[in-house]
Amino acid sequence: ATGRYDGIFVDLDSYHLDEIAVLREAAVLAGDGFKFLYCSHKLPCMARNSNALRPEEIVLQKPFHAEKIVEILSLQFDLA
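Now for a quick tour of the structure. (Residues numbered from 1 in each chain as written. Predicted model: local features only at pLDDT ≥ 70, side-chain atom pairs only at ≥ 80, totals over all residues. Heavy atoms only, no water.)

1. What to know about the overall build of the protein chain
Applied cut-off: Segments assigned H or I by DSSP are reported as helices when at least four residues long, segments assigned E as strands when at least two residues long, and all are numbered from the N terminus. This radius of gyration counts C-alpha atoms alone. The globule rule is 2.2 Å times how many residues there are, raised to the power 0.38. Partly exposed residues are those whose accessible area sits between 20% and 50% of the maximum for their type, while under 20% is buried and over 50% is exposed, using a 1.4 Å probe and protein chains only. When checking whether two residues touch, look at their non-hydrogen atoms; a contact exists if any pair is within 4.5 Å. With residues, only the protein chains shown are counted as cover, and all accessible areas are computed by Shrake-Rupley using a 1.4 Å probe. In this count, Lys and Arg are taken as positive residues and Asp and Glu as negative ones, while His and the chain termini are left out. Where a charge sits is defined by one atom per residue type, namely NZ (Lys), CZ (Arg), CG (Asp) or CD (Glu).
Secondary structure summary: the protein chain contains three helices and three strands in total. Seen in sequence order, the protein chain has helices and strands lined up from the N terminus as β-α-β-α-β-α. Compactness check: the protein chain gives a C-alpha radius of gyration of 13 Å against a globular reference of 12 Å for 80 residues, within 12% of the reference. Its C-alpha atoms give the protein chain principal-axis dimensions of roughly 30 × 30 × 20 Å. Every one of the 80 residues in the protein chain was classed for burial, and the buried ones make up 26%. In the protein chain, the share of contacts with a sequence separation of at least 24, taken over all contacts with a separation of at least 6, comes to 52%. Accessible surface for the protein chain amounts to roughly 5600 Å². Of this, 58% is attributable to carbon and sulfur atoms. Separation between the mean location of the 8 positive side-chain charges and that of the 12 negative ones in the protein chain comes to 2 Å.

2. Looking at the pairing of strand S1 (residues 7-11)
To keep it simple, the criterion reads: Two strands are said to pair when DSSP picks up at least two bridges between them. Classification remark: right-handed applies to a crossover when, strands pointing away from the viewer, the course from the first strand over the helix to the second runs clockwise.
Pairing between S1 and strand S2 (residues 35-40): five bridges, direction parallel. Note that in S2 the partner of Phe 9 across the bridge is Leu 37. For the segment spanning S1, helix H1 (residues 17-27) and S2, crossover handedness is right-handed.

3. Notes on the nonpolar core
What tends to happen in soluble globular proteins is that the nonpolar side chains get buried as a cluster. Counted only if it meets this: Only buried residues count toward a nonpolar core. Its members are Ala, Val, Leu, Ile, Met, Phe, Trp, Tyr and Cys residues joined through side-chain atoms within 4.5 Å.
Counting residues in each nonpolar core, the largest one holds eleven residues, listed as Val 10, Leu 12, Ile 20, Ala 27, Ala 30, Phe 34, Phe 36, Tyr 38, Ala 47, Leu 53 and Val 59. In this view, Leu 53 contacts Leu 12, Arg 24, Tyr 38, Ala 47, Arg 48 and Val 59; residues no more than four positions away in its chain are not counted. Membership of the second largest hydrophobic core comes to six residues, among which are Leu 37, Cys 39, Ile 58 and Ile 69.

Printed below as a string of structure tokens:
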């Protein structure tokens, strides 16, 4: 990663599949460590299916709790 940005939150309710594809293509420049985290009002499994996401990709269901965000970010970015 470039060190400038480590990841991005993408609101699946606000972006179309083609826009998400453009974001993913642009993220290649940031390197392999760049993370995508998604949020949606849909259940995570439904959001993954309707947006062609892999099962291991993180989708947070809105509304979400701050504690859950801290937990996920700590795991994804090795925060101690």
